[in-house]
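Results of the structural survey
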Amino acid sequence: MKTLKIFGIIGLVIFTTTRLFAQEETLKKESFKVWGNCEMCKATMEKPFKKMDGVKSAKWNVASKKMTVKFDASKISLDDIKKTIASVGYDTEEFRAPDEAYSKLHGCCQYDRPAAKAAN
Ligand SMILES: [Cu+2]
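The structure presented is a predicted model; accordingly, all values stated were derived computationally and were not measured. (Residues numbered from 1 in each chain as written. Predicted model: local features only at pLDDT ≥ 70, side-chain atom pairs only at ≥ 80, totals over all residues.)

Turning our attention to the overall build of the protein. For the protein, the helix and strand inventory stands at four helices and three strands. When the helices and strands of the protein are listed from N to C terminus, the series reads α-β-α-β-β-α-α. Looking at the protein as a whole, 18% of its 120 residues qualify as buried. Excluding contacts between residues fewer than 6 apart, the proportion of contacts in the protein whose partners are at least 24 apart in sequence is 54%. (Helix = DSSP H or I, 4+ residues; strand = E, 2+ residues; numbered from the N terminus. Buried ≥ 20, exposed ≤ 12 C-beta atoms within 10 Å, placed from the backbone. Contact = placed C-beta atoms within 7 Å.)

Now the structure itself:
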């Protein structure tokens, strides 16, 4: 009877901890390179995420050119985040901004683009 009680407690502990982990797992933090030049680029590429459901924060570092995002993976994917950045004119390794979006950027923001992939 006593061992049954102990097993019951162990079971409860395992149950609650796995539930806690499951909740944390959907919140992800990722860093990746985004091509850009300056503070104005930073404002432009961070803007779409200010009020986006599922994205907790998006910060681009001008010096390292790294974007760090915290997001809920159950609501938005990393690819969708990168596509959003491309849609406002900024290239990532995976998604190239449309030329039209790039040409709309302010003159000083027209960064040197990475070479286009042969396939596209
Ligand atoms: Cu700029």
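Read on for the rest.
Attention now moves to helix H2 (residues 39-46). Structural remark: α-helix, 3.6 residues per turn; residues separated by three or four positions point the same way. What H2 keeps buried is the set Cys41, Thr44 and Met45. In an axial view of H2, the angular spread of the buried residues amounts to 90 degrees, which keeps them on one side of the axis. In H2, those exposed residues whose orientation departs by more than 90 degrees from the buried face are Glu39 and Ala43. Those residues of H2 that are buried lie in contact with strand S2 (55-61) and helix H3 (78-87). (Arc of directions from axis to C-beta.)

Now for the pairing of S2. Pairing between S2 and strand S3 (residues 66-72): six bridges, direction antiparallel. Each bridged residue has a counterpart across the sheet, and for Asn61 the counterpart in S3 is Lys66. The turn joining S2 and S3, which pair antiparallel and follow one another in sequence, is formed by four residues; a positive phi near 60 degrees is taken by Lys65. (Pairing = 2+ DSSP bridges.)

Let us now look at the pairing of S3. Residues Met67, Val69 and Phe71 line the buried face of S3, whereas the alternating positions Lys66, Thr68, Lys70 and Asp72 sit on a face that is not buried. Two strands pair when backbone bridges link them, and strand S1 (residues 27-33) and S3 are joined in this way by seven bridges, in the antiparallel orientation. Bridged to Leu27 within S3 is Asp72.

We now examine the nonpolar core. Core analysis: the largest hydrophobic core is formed by 16 residues, its most contacted members being Val34, Met45, Met67, Val69, Ile85 and Tyr90. Sorting the residues of this core by element identifies H2, S2, S3 and H3 as the ones contributing at least two each. Not counting chain neighbours up to four residues away, the residues in contact with Met67 comprise Ser31, Phe32, Val34, Ala58 and Trp60. (Core = buried A, V, L, I, M, F, W, Y, C linked by C-beta atoms within 7 Å.)

Every buried residue belonging to H3 is among Ile81, Lys82, Ile85 and Ala86, and all of these are buried. For H3, the buried positions fall inside an angular range of 140 degrees around the axis, keeping them on one side. Against H2, S2 and S3 lie the buried residues of H3. Once H3 finishes, Gly89 follows within two positions and takes phi at roughly 110 degrees, a positive value.

Attention now goes to the sheet that holds S2. Within the open sheet, the three strands sit side by side as S1-S3-S2. Their pairing is antiparallel. On the outer flanks of this sheet lie S1 and S2, each paired with one strand and no other. Neighbour to neighbour, the strand axes of the sheet diverge by 10 degrees on average, direction disregarded. (Axes fitted to C-alpha atoms, helices over the stretch in contact; angles between N-to-C directions.)

This part is about unusual backbone geometry. Within the chain, Lys65 stands out as a residue other than glycine whose phi angle is a positive 60 degrees. By the secondary structure assignment, Lys65 is in the loop between S2 and S3. Lys65 gets classed as partly exposed once you count the C-beta atoms within 10 Å, which come to 16.

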